Amino acid sequence: LDFPEEPHGLARAFLARGASAVVAAQWPLDDEAACVTIESFANALAEGESVRTSLARARGRCRSQFAHPYFWG
């Protein structure tokens, strides 16, 4: 049985339980590029930036260190 009011998938489950945002990848990540991105993202959040701004800053930092879009796209 399928209940439309039940969350499907991890991101939807977090949102259904009150998370204001979920940041996730749609494919496997390079470990080094992911570390650069997450560190920058967490620092921006800690400085009071929004999720959107923090993610943009983190993506830019990753892009400055890894030129190919595979790493930051």
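The coordinates are above.
Not measured: the values here are computed from a predicted model.

Sorry if this is basic, but what is going on with the packing of aromatic side chains here?
Given two aromatic rings, one states the distance between the centres and the angle between the planes to describe the pair. Using the criterion set out here, one finds 2 aromatic pairs in the structure. Centroid distance Tyr-70 to Phe-71: 5.0 Å. Interplanar angle 85 degrees. Geometry classified as edge-to-face. Tyr-70 sits in the partly exposed class, given a relative accessible area of 47%. Feature note: the residues Phe-66, Tyr-70 and Phe-71 constitute an aromatic cluster, connected by ring pairs. Note that Arg-63 overlies the ring of Trp-72, its terminal NZ or CZ placed 4.0 Å from the centroid.

Each value, and the rule that gives it
- Residues numbered from 1 in each chain as written.
- Predicted model: local features only at pLDDT ≥ 70, side-chain atom pairs only at ≥ 80, totals over all residues.
- Heavy atoms only, no water.
- Phe/Tyr/Trp six-rings, centres within 6.5 Å; stacked < 30°, edge-to-face > 60°.
- Buried < 20%, exposed > 50% of the residue type's maximum accessible area, 1.4 Å probe, protein only.
- Lys NZ or Arg CZ within 6 Å of the ring centre and 35° of its normal.

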